[in-house]
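Overview (structure and organization)
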Amino acid sequence: MVKELNFKQELVGCFGFPVAENPTQAMIEPAFNALNLDWRYLTLEVSPENLKRAVKGARAFGFKGFNCTIPHKIEVIQYLDSLGESAELMGAVNCVVNKNGKLIGENTDGKGFVSSLKQITDPSEKSCVIFGAGGAARAISVEMAIAGCSTITIVNRSTKRGEQLVQLLNTKVKDSIKSTFHAEFVHWEQCYQIPSSAEVVINATSIGLFPDISARLNIELETLKPDMVIADVIPNPPKTQLVNDATERGCKVIDGLEMLVAQGVIGIEYWTGQSPDPSIMRKGLEDVFGSS
Ligand code: NDP
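Below you will find a few notes about this structure. (Residues numbered from 1 in each chain as written. Predicted model: local features only at pLDDT ≥ 70, side-chain atom pairs only at ≥ 80, totals over all residues. Heavy atoms only, no water.)

**Notes on the overall build of the chain**
- Looking only at helices and strands, the chain has nine helices and 12 strands in total.
- Whereas a compact globule of 292 residues would reach a radius of gyration of roughly 19 Å, the chain reaches 19 Å, a difference of no more than 12%.
- Structurally, the chain occupies a C-alpha span of about 65 × 40 × 35 Å along its principal axes.
- Here the chain has roughly 14,200 Å² of accessible surface; of this, 50% comes from carbon and sulfur atoms. (Helix = DSSP H or I, 4+ residues; strand = E, 2+ residues; numbered from the N terminus. Rg over C-alpha atoms; globule rule 2.2 N^0.38 Å. Areas by Shrake-Rupley, 256 points an atom, 1.4 Å probe, with all protein chains shown as cover.)

Right under this line is the structure:
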């Protein structure tokens with residue numbers, strides 16, 4: 001029997017500016033190959049003034065969806081047809097899904113974090129400390145609240161961003177969930193003592209990101225306890241000072257690659273309806289970043 005020829009590949013991708021160093025393609029395309037999907041993930045440089053046209057182009061080319069990264073996560077919303085629940089709460093989109101011609105904005109950053117955490121512990125009723133109040137902290141804190149954690153302490157250098165995030169959590173987010181929940185803000189101006197009641201501690205700042213790899217969070221290291229889960233969002237390098245310090249003290253540790261892979265898994269599930277193999281995706285990233 002003659003095999004039917006098909007040279008038309010399905011398209012997804014990433015819109016960012018600048019975007020050349022974004023490694024997502026290196027984890028998504030191996031996952032497509034392993035699933036036997038003839039799909040491509042394109043790394044596309046889209047300047048802010050071209051975002052509207054790029055979204056129109058994605059519709060015209062029949063993209064199955066696309067990721068959005070800096071600086072498009074908020075601006076893209078006006079060009080979409082609707083938003084998923086957590087993207088609506090956060091006011092930011094990192095993953096667009098084409099559902100029967102309608103572009104739906106989702107946010108997989110926080111969902112990826114919660115999915116990695118669930119491999120270790122149930123987030124429900126947990127007491128959580130999050131360093132940072134930017135996009136990653138916002139995504140993680142909203143999803144942690146939705147996942148049922150009981151308290152979130154946002155520790156941030158600038159008061160304004162920290163207080164704004166805590167206000168969002170204690171109003172819009174709290175109103176949308178059934179469980180008891182409370183968020184509070186701590187201004188991070190001196191060495192922070194992690195309270196012994198904290199069960200999940202997350203670095204959602206950019207401290208430790210390449211090239212500043214020796215940077216440490218200003219925390220009292222003795223307050224890291226073995227019964228805490230310590231997570232770091234930094235994917236490059238995955239073994240940050242925090243990851244090393246927490247590992248040395250016997251804590252359970254989630255590194256930034258796990259979260260990156262987990263959010264990629266969710267994106268592929270949204271786009272294709274199939275579940276990829278996370279180990280293939282992590283290998284793709286380790287080949288880029290190195291695992292040390
Ligand atoms: P933003 O720029 O939105 O926020 C950065 C945060 O880090 C702010 O809270 C900022 O505090 C804080 N910060 C930066 N430098 C310092 C410092 N020297 N001391 C204290 N606080 C500091 O960035 P994002 O939230 O978008 O991204 C943060 C990190 O998360 C990035 O490194 C990114 O690579 C990573 N990330 C990882 C993902 C993954 O899947 N692993 C997904 C998304 C992001 P202030 O408000 O005071 O400026």
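**Quick word on the environment of Gly264**
- Structurally, Gly264 is set in helix H8 (residues 256–272).
- Classification of Gly264 as buried rests on a relative accessible area of 4%.
- Sequence separation between Gly264 and Ala31 is 233 residues, and the spatial gap between their C-alpha atoms is 9.7 Å.
- Beyond its immediate chain neighbours, meaning those up to four positions away, Gly264 contacts Met27, Ile28 and Met281. (Buried < 20%, exposed > 50% of the residue type's maximum accessible area, 1.4 Å probe, protein only. Contact = heavy atoms within 4.5 Å.)

**Considerations on the packing of helix H4 (residues 109–118) against helix H5 (residues 135–146)**
- Put simply, H4 and H5 touch, their axes get as near as 7 Å, and they point 55° apart. The angle between H4 and H5 places the two elements in the oblique class. In this structure, H4 crosses over H5, and the sense of that crossing is right-handed. Contacts between H4 and H5 involve Asp109, Gly110, Lys111, Phe113, Val114 and Leu117 on the former and, on the latter, Ala139, Ile140, Glu143 and Met144.
- The residue inventory of the contact of H4 with H5, partitioned by class, reads six nonpolar, one polar and three charged. (Axes fitted to C-alpha atoms, helices over the stretch in contact; angles between N-to-C directions. Parallel < 35°, antiparallel > 145°, perpendicular 65-115°, else oblique. Left-handed = near helix turned anticlockwise from the far one by under 90°. Nonpolar A, V, L, I, M, F, W, Y, C, P; charged D, E, K, R; others polar.)

**Quick notes on the site of the ligand**
- Neighbouring the ligand are 22 residues, the closest being Ala133, Ala136, Asn156, Ser158 and Val233.
- Measuring from an oxygen atom of the ligand, one finds a backbone N or O atom of Ala133 at 2.9 Å.
- Contact distances for the ligand include 3.4 Å between an oxygen atom and a backbone N or O atom of Leu260.
- Protein contacts shield 76% of the accessible area of the ligand, which totals 930 Å² for the unbound molecule.
- Looking at the shell around the ligand residue by residue, the class counts come to 11 nonpolar, eight polar and three charged. (Near = heavy atom within 4 Å. Polar contact = N/O pair within 3.5 Å; in protein donor to acceptor, adjacent residues only side chain to side chain.)

**Side note on the sheet that holds strand S8 (residues 151–156)**
- With parallel pairing, the six strands of this open sheet are ordered in space as S9-S8-S7-S10-S11-S12. Each having just a single partner strand, strand S9 (182–187) and strand S12 (252–254) make up the two edges of the open sheet. Here the strands of the sheet are splayed against their neighbours by 15° on average, with no regard to which way each runs.
- Helix-sheet contacts for helix H7 (residues 241–248) involve strand S10 (200–203), strand S11 (229–232) and S12, and the interaxial angle to S11 is about 165°. (Pairing = 2+ DSSP bridges.)

**Structural notes on the pairing of strand S3 (residues 65–68)**
- Of the two faces of S3, the one lined by Gly65 and Asn67 and the one lined by Phe66 and Cys68 are each fully buried.
- Relative to S3, strand S1 (residues 10–16) runs parallel, the two being bridged by two bridges. Bridging across to S3, Cys14 finds its partner in Asn67.
- Pairing analysis gives three bridges linking S3 to strand S5 (residues 95–99), with the strands arranged antiparallel. For Phe66, the partnering residue across the bridge sits in S5 and is Val96.

**Things to note about the pairing of S10**
- Burial along S10 is two-sided: the residues Val200 and Ile202 and Val201 and Asn203 are all buried.
- Two elements, strand S7 (residues 127–131) and S10, share four bridges in a ladder whose sense is parallel. For Val129, the partnering residue across the bridge sits in S10 and is Val201.
- Note: S10 against S11, four bridges, orientation parallel. Note on S11: the bridge partner recorded for Val201 is Ile230.

**So, the packing of H5 against helix H6 (residues 159–176)**
- It is at 11 Å that the axes of H5 and H6 come closest, and there the two elements cross at 30°. It follows from the interaxial angle that H5 and H6 lie roughly parallel. As H5 packs across H6, the resulting crossing turns out to be right-handed. Of the residues in H6, those in contact with Ala137, Arg138, Ser141, Val142 and Ala145 of H5 are Leu165, Leu168, Leu169 and Val173.
- Class assignment of the residues belonging to the contact of H5 with H6 gives a composition of seven nonpolar, one polar and one charged.

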